[in-house]
Amino acid sequence: MTTALRDFIKNPTAAELELVARYGMQPEDARRERAFLAFAETGLPHRRMEGWKWTDFKAALKALETPAAASAKDPLPDDGALVFRFTPKGFEAPAKLPDGIRMVVQPGVQAFPGAEDVPMGALAAALAGGGKRPATLAFEITSSEAPRLHFVFEGAGEASFARIVFLVRSGASLTLTESYLGGAGLTASVLEFDLERGAKLNRTIFQRGGAGEALAVTGIAHLGAEAEMTQTTLAFGAKVARMETRVVHQASGSKLNLNAAYLSGKGFHADITTNVRHGAPSCVTRQLTKGAVLDGGTGVFQGKFFVPRKTGQHTDADMQHQALLLEDGAQVFAKPELEIYADDVECAHGNTCGALDDAQMFYLRQRGIPETQARAMLTEAFIAEALGMADEAVRDVLLAEAQNWLSS
Amino acid sequence: MDCCGGTTEHEDDCGEVKVKDSIDAKTVEAAKALESENYSAGFATTIETDFAPKGLSEDTIRYISAAKNEPEWLLEWRLKAYERWLTMEEPTWAMVRYPKIDYQAYYYYAAPKAGAKYASIDDVPKEILETYEKLGIPLREAEVLLGVEGAVETAAEGREKPRVAVDAVFDSVSVATTFRKELQKAGVIFMSISEAVHEYPDLVKKYLGTVVPQSDNFFATLNSAVFSDGTFVYIPKGVRCPMELSTYFRMNAENTGQFERTLIVADEAAYVSYLEGCTAPMRDENQLHAAVVELVALEDAEIKYSTVQNWWPGDEDGKGGIFNFVTKRGDCRGDRSKISWTQVETGSAVTWKYPSCILRGDDSVGEFYSIAVTNGRQQADTGTKMIHLGKRTKSRIISKGISAGKSDNTYRGLVSVNRKAVNARNFTQCDSLLIGEKCGAHTIPYVENRCASAQLEHEATTTKLSEDQLFYARQRGIAEEDAVALLVNGFVRDVLQHLPMEFAVEAQSLLKVSLEGSVG
Amino acid sequence: MRPMLKITDLSATVGEDSEAKTILNGLSLDVPAGEVHAIMGPNGAGKSTLSYVLTGRSGYEVTGGSATLNGEDILGMDPEERAAKGMFLSFQYPVEIPGVPVMTFVRTAMNAQRKARGEAEISAPDFIKKSRDVAKMLNLDAEMLKRPVNVGFSGGEKKRLEIYQMMMLEPKFLILDETDSGLDIDALKTVADGVNAMRDPSRGMLVITHYQRLLDYIKPDKVHVLAKGRIIKTGEADLALRLEKEGYDGVLGEAA
C-alpha cells in the first residue's frame, strides 16, 4: 500500500515517507484521507510557502526519530483540574467527569473543513488515533462552572498526534490549559473550538521542548454571538515550534483576546502565527505578542486580521508585536498583516523590534539598580504584559517560568 | 531668456505669475482620472510611427539595438537578459489580479518616424510638441522658467528659485532634453540613455545593471532585454545640481509597451533632485509599462527621486489602463549617502512597484514617502524594501494608502537588518483610508531583524473617512467633494511635504481629481 | 572646607565619532555640603548635558576635566555606582517603565543601593511605613504607587513621583533638572516643599532651571549662569531676579 501512497507527496523526504507509511497503517476512512491529502498537497511545510518562509518543517525534520532529551517537567498545577494525558502511544483520561462536561471518544475522523490552510493541523487530524488513542476526542461543555481541563502532551517517541474538538454550549464556559512538554521527535495537535452564543473560553498553552524536536500546535476557533475567548501562550520553542491559531468571529459582538509570549534561546525557534477573520459586525480583537530572543535563537510572529466586505463592519481590532533581541546573534522575523474590505472599521497594528530601551535602562541605573538586575527587571515586566490574562490558576506559574528563563 | 518663448495662451501674463498656474491647470485636467471622458490626458496623437516587428524575439531585440545604433556589448547584454527571461515565470504573489498578458501582442519599440535626434527643439515634430503642451509639460525652456518663477512667488517661501530641466520620452524614444548646455557647465550629464551609451559609454557600462541586475525579477529582466530609452544622469563629485531634473513619459502608440530605463549616479558629495511624471492616452487595451530605475549614491551623495504617476487607469468597468510593473532601486553605496523616494501614485490599472534602498554605506539613509490612491477598479500593490547592511543606517517609511470605488490598495514592505548593521534604525508608518464599502486596504509588512542593537518600529492604522469630520466641514459650508479633498489632504500631509513644491501643488489637485465621485 | 561636589574644567561631547558636538567646554563649579546652587542658562547652554554627564548617561563623552563627590572621582563610575554614592537626578522627562509598579521599583532601587554600600535591606513593614509617610507629605494617592512607573501619569504626577523617589532614597546630592517645567502653581509648591524638606547641612543640591520661578520657592545660596558650555557668571540669589528682568542677553552681554 505504501508504494502507491508514496506518490501522495512530490519528492518526499525520509520524514515524509514515514508519515505516509503511518497514514497507510491507519484504518480506511474517507475523512482521514481528505485530511491527509490536504497535508500531502505540500508535504511538510517549507520556506517556499508564503506562510512558512521563516519556519521550515521540511528542512528541520529530516526523519522521525525519538529525540535524546526527555520530556520537560510540567510546571502547570493539576490540583482541581481534570487531567488528560497524551503520549506517543497512549492516552489517559479521568475515569469520571462531572456534570456539564461530556467526553466522546470517536473512533472515526471528524470532518475537517479548511484543512488546506493548516497543513500541520491536517497532518495531526489524519494521523491521530491508533492503539489506545482516539482519532477524534470530542467534548461538549454545558456548565458555566466546569473545572479546568488540563491536557498534557509528553513522553518519548518518534511522533505524537492528537485531535480534540470542543463544543461550548450557549452560556457555558471552558477553562483549558495545555502543556506541551516535548519528548517526541514530532508533536502535532489540532484543537477545534466552537463557541455558541455567550460562551466563554480561557485557553492557556505552555510549550517547552527539546532542541531536537519539531512541534506544531494548531488551534481553530469559531466564536458565536457575544462569545468571549481569551488565549495566552508561553512558548520556549524547539528545533522548530509553531503555535498557530485561527479564529473566526462568526456572529456579532464576540470578543477575542489573543496573547502570547515567546522566549527563544540558542538553537530554539518559536513561531507564533495567528489569523483572525472578522466575519461578523461589531466584533473586537485585542492581540499582544511579546518575544525575547538570545544569541542563536529565532522568534517568528505572523499575525493577520482579515475583515471581509460588509460582514466585517464596525470591526475593532488591534494587533501588537514587540520583540527584544537580548544578544547579538538573535533574530526576529515579523509580518503583522491587515487585509481589509470593510470601510467602517478601526484596525491598527504595531510592531517593534530591538534592544531594551536605553532611557529606561539609564533611569533604573540612576536609581541605583545594577545593570544586570535592571535588564532582568525590564525584560520580565515586558514579557509579563502578555501573560496577565491567563487563568489565575496558572498565571503566576507562567510568570515564574518566564522569570527563571530570563534570569538563567 | 525670452520669457514668452513657448506659450500662446498666456502671453499677457508673462510678467505675472500665471504660466505655472496654467501648467497646473492643464496637468490637472490631464489627470481627470476616472471618468473616461474626463481623462484629458487620454487623447492620442496622430503621427507617423516606426514600429519594431510585433512581439518579442531575438529579432525584436536586434531590431531595437540596431535602430539605436548600439555598440555590440549592449546588444550582448540585452540578449543575455532575454535568454534569462525565457526561463522565468511571472510573479503571482502580489495582491493584484489581471488577465494573462500576451507578451507577443505588444510592440516593443515605437518611434516617431522623423527619428529621435533633433538638433534643436524646433526640429521636434509639431505633433509631439503639441502633445506635451496639451499635457502641460514644460518642454520649452522659457515656459519652464516662467512657470516656476510663478510658483515661487505664489509660495513666497523665499527659497532659491527652482528650475526644471526636462527629458521627454515619447513612446520608446527621448525626443528632447532641455537645459542641456547649462547643465553641462555645471558638469552635470543629463540626456537620454541612448545618447549616453554613445557619449559616455564608460560611465553607462560601469553602472548599468549594478543596482537592478539583469536577472533581478521577471519584469526587470524583460526591461533589460528590450528597454527602449530613458534618462541618464550623472552628477560629478561635489556638485549640487543647479536645477531640478525631470522626465516625462508618454505612451502614445497603440499596443505598445514602454520599457524605459533610468540610471542616476550621484558621485561623492553630489546632490540631485529628480522628478518623474507619466501619462498615457485612453485605450481599450491594456498597455504594458515595465520600467527600471537605478540610483547610485556614492559617499556623502544625496538623491531625491519624486514620481507623480497618473497613467491611464482604465474606465469605470476596469477596461483598458496601464499595467505598471516597475522596478526601482537605489544603492546607498557610499558612507553617509542618502536616497529618498517620494511617490504619488494615482494612475494605472495595475501597479506593482517597490522603490527600495540598499543601505550599504555606513550611516547611509533611505526614505520612502508614498501616497497611493486607487479608485474605480484600480489595483495597487506598492511599498518599499529597506535593506540595512551598513552600520548606523537609518530608514524611514511613511505610506498613505487611499482606497475608493471598487479598488484594492496594498502596502507591501520589507525592512531587513543584517547582523552587521549595528545601531540601525527604522521607523515605518502605514495608514490606510477607506472611502466607500466596496474597496479594500491591505498592509503587509515584513520585518527581518538579525541585529540586536537595531531598533525597528512599525505602526499602521486603517480607518474610514470620518463622518464627523466630513459633516463638520460641510456644516461650515464646504461642498462634499471639497471636504473629502480637504480631509484627504490632511491625511497625506506628512508625505506631501516631501515633494518638491511644484509637484506638491500638482499632486494635491491630482488627489482631488482621482477621488471625484468617490462619495455620495 | 572641601566642596561636596567639585567640577573642574569639565568638557564633554555628545554624538558619535565624526558627528560629536562639544556641549560642555571647560566648566568649573563647586557646591559645598548644605548649600543649594542654581544653574540657569538659555536653551542649548548645556544644562541637561551637565546633569547627564554627572550621572553617567551613555552617549556623552567626557573629553577633559574632572568631577568628584566628596573627593571621589565619579566620572569613571557606572550610573548605579554613582547612585549608591548618593547622586540622585530628578529627570526633566521622567521615563515610563511599563509593567513595573512604583513600589517594586523603589524598593528594588533602595535595596540595591544599600547592598552596594554594605548595608542591610529594608524590611517590608519599614518600607511600607516610610512610603506611606512620604506619599502623605506629597499628596500622592496610594493607588498611584501601585501603577507602573510613570505610565499614564500627568506631567505634574511624574514630577511629584520624582520627589517621592528622592525622599524615599535619601540621596546625598540632588540634581533637579527643570523640575518646574510642566507644573502648575500648586504642584510646584508641593514639589518645592518636598525639596526644602530635604535641605540639610550634610546634603548638596544643584537646581537646573530656565526660569526664576522655581527659585521663589527653593531659595538658592548661589546662582550660576551657564552659557556655551561653561559657567560665565556666579552671584547671589538676586542674580536670578536680574536674569528674569533683563533677560540672558542683557546679563550675558555684560559678562562677555
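As the structure is a computational prediction, the values presented were derived from the model and not from experiment.

1. Side note on the overall build of chain C
Logical step 1: Counting its regular elements, chain C contains eight helices and 12 strands.
Logical step 2: Dimensions of chain C, computed from the C-alpha atoms along their principal axes, are close to 55 × 40 × 40 Å.
Logical step 3: Taken across its 256 residues, chain C has 51% of its residues classed as buried.
Logical step 4: Considering only intrachain contacts with a sequence separation of at least 6, the fraction spanning at least 24 residues in chain C is 70%.
Logical step 5: Summed over all atoms, the accessible surface of chain C reaches about 11300 Å², with 48% contributed by carbon and sulfur.

2. Topic: the pairing of strand β19 (residues 346-354) of chain A
Logical step 1: In terms of burial, β19(A) is a largely internal element, seven of the nine residues being buried.
Logical step 2: Sheet topology note: the strand β17 (residues 316-325) of chain A/β19(A) ladder contains nine bridges and is parallel. Across the sheet, residue A:Ala323 finds its bridge partner in β19(A), namely A:Cys353.
Logical step 3: With eight bridges joining them, β19(A) and strand β25 (residues 455-464) of chain B adopt antiparallel strand pairing. Along β25(B), the bridge assignment pairs A:Gly350 with B:Glu459.

3. Section: the environment of C:Asn25
Logical step 1: Note that C:Asn25 resides in strand β2 (residues 21-31).
Logical step 2: Discounting chain neighbours no more than four positions away, the residues touching C:Asn25 are C:Leu10, C:Ser11, C:Lys228, C:Gly229 and C:Arg230.

4. Quick notes on the packing of helix α2 (residues 14-25) of chain A against helix α3 (residues 30-40) of chain A
Two numbers describe a pair of packed helices, the interaxial angle and the distance between the axes.
Residue and element names in this part refer to chain A.
Logical step 1: Packing of α2 against α3 leaves a shortest axis separation of 11 Å and a crossing angle of 175°. What the angle tells us is that α2 and α3 run roughly antiparallel. In this structure, α2 contributes Leu19, Val20 and Tyr23 to the contact, and α3 contributes Arg32, Glu33, Phe36 and Phe39.
Logical step 2: Looking at side-chain class alone, the contact of α2 with α3 contains five nonpolar, no polar and two charged residues.

5. Structural notes on the nonpolar core
Logical step 1: C:Leu54, C:Tyr164 and C:Leu206 are the most contacted members of the largest nonpolar core, which totals 113 residues.
Logical step 2: It is helix α5 (residues 155-169) of chain C that provides the largest number of residues to this core, a total of seven residues.
Logical step 3: Sequence-distant contacts of C:Leu206, that is, excluding residues within four places in its chain, are made with C:Leu5, C:Leu29, C:Val31, C:His37, C:Ile39, C:Leu50, C:Leu54, C:Phe173, C:Leu174, C:Ile175 and C:Leu176.
Logical step 4: A:Phe84, A:Leu195, B:Val272 and B:Val447 belong to the second-largest nonpolar core, a separate cluster that totals 106 residues.

6. Quick notes on the interface of chain B and chain A
Logical step 1: At the interface, 32 residues of chain B touch 38 residues of chain A.
Logical step 2: Both faces combined, the contact of chain B with chain A buries some 2900 Å², and carbon together with sulfur accounts for 47% of it.
Logical step 3: The largest share of the area that chain B buries against chain A comes from B:Glu437, B:Tyr446 and B:Ala452, three residues that together contribute 19% of it.
Logical step 4: Seen at the junction of chain B and chain A, the total is two salt bridges.
Logical step 5: A per-class count over the side of chain B that touches chain A returns 13 nonpolar, 10 polar and nine charged.

7. Overview of the sheet that holds strand β3 (residues 36-40) of chain C
Residues and elements named next belong to chain C.
Logical step 1: Reading across from one edge, β6-β9-β10-β3-β11-β12 is the order of the six strands in this open sheet, with mixed pairing throughout. The two strands at the open ends of the sheet, each matched to only one other strand, are β6 (87-90) and β12 (230-235). For this sheet the average axis-to-axis angle between neighbouring strands, irrespective of direction, equals 20°.
Logical step 2: When β3 meets strand β11 (residues 222-227), the two strands line up parallel, connected through four bridges. Residue pairing in the sheet places histidine 37 in a bridge with lysine 222 of β11.

8. A word on the state of the cysteines
Logical step 1: Tallying each qualifying case throughout the model produces zero disulfides over all chains.
Logical step 2: With no disulfide of its own, A:Cys347 lies closest to A:Cys283 among cysteine sulfurs, the gap being 12 Å.
Logical step 3: Overall, A:Cys347 belongs to the buried group, its relative accessible area being 2%.
Logical step 4: We note that B:Cys439 lacks a disulfide partner, and the nearest cysteine sulfur, in A:Cys347, lies 13 Å from it.
Logical step 5: Residue classification places B:Cys439 among the buried positions, given a relative accessible area of 0%.

9. Thoughts on the UniProt feature "domain: SUF system FeS cluster assembly SufBD N-terminal" (unreviewed entry) in chain B
Logical step 1: Mapped onto this numbering, the UniProt entry gives "domain: SUF system FeS cluster assembly SufBD N-terminal" (unreviewed entry) at residues 183-241 of chain B.
Logical step 2: Secondary structure content for residues 183-241 of chain B is 44% helix and 15% strand, and the end C-alpha separation is 8 Å.

10. So, the packing of helix α2 (residues 58-67) of chain B against helix α3 (residues 72-86) of chain B
All names here are of chain B.
Logical step 1: Contact geometry of α2 with α3 gives a least axis separation of 10 Å together with a crossing angle of 155°. As the angle between them shows, α2 and α3 are arranged roughly antiparallel. Between α2 and α3 lies a crossing whose hand is right-handed. In contact with Glu58, Ile61, Arg62, Ile64 and Ser65 of α2, α3 contributes Leu75, Arg78, Leu79 and Tyr82.
Logical step 2: For the contact of α2 with α3, a count of residues per class yields five nonpolar, one polar and three charged.

11. Considerations on the interface of chain C and chain A
A common way to express how large an interface is: the accessible area buried when the components associate.
Logical step 1: Contact residues are listed per partner, giving 30 residues for chain C and 17 residues for chain A.
Logical step 2: With both chains or domains summed, chain C and chain A bury close to 2000 Å², and 67% of this area falls on carbon and sulfur atoms.
Logical step 3: Here chain C is connected to chain A by three salt bridges.
Logical step 4: For A:Arg367, the salt bridge is made with C:Glu162, and the minimal N-O distance between the two is 2.6 Å.
Logical step 5: At the junction of chain C and chain A, the tally comes to 12 residue pairs in polar contact (both at pLDDT 80 or more).
Logical step 6: For the side of chain C that touches chain A, the elements supplying multiple residues, two or more each, are α1 (47-55), α2 (79-84), β6, β7 (97-101), α3 (102-116) and α5 of chain C.

Thresholds applied
- Residues numbered from 1 in each chain as written.
- Chains lettered and ligands numbered in written order.
- Predicted model: local features only at pLDDT ≥ 70, side-chain atom pairs only at ≥ 80, totals over all residues.
- Heavy atoms only, no water.
- Helix = DSSP H or I, 4+ residues; strand = E, 2+ residues; numbered from the N terminus.
- Buried < 20%, exposed > 50% of the residue type's maximum accessible area, 1.4 Å probe, protein only.
- Contact = heavy atoms within 4.5 Å.
- Areas by Shrake-Rupley, 256 points an atom, 1.4 Å probe, with all protein chains shown as cover.
- Pairing = 2+ DSSP bridges.
- Axes fitted to C-alpha atoms, helices over the stretch in contact; angles between N-to-C directions.
- Parallel < 35°, antiparallel > 145°, perpendicular 65-115°, else oblique.
- Nonpolar A, V, L, I, M, F, W, Y, C, P; charged D, E, K, R; others polar.
- Core = buried A, V, L, I, M, F, W, Y, C linked by side-chain atoms within 4.5 Å.
- Buried area = accessible area lost by both parts, 1.4 Å probe.
- Salt bridge = Lys/Arg side-chain N within 4 Å of Asp/Glu carboxyl O.
- Disulfide = S-S within 2.5 Å.
- UniProt positions renumbered as here; feature names shortened; annotations may be inferred.
- Left-handed = near helix turned anticlockwise from the far one by under 90°.
- Polar contact = N/O pair within 3.5 Å; in protein donor to acceptor, adjacent residues only side chain to side chain.

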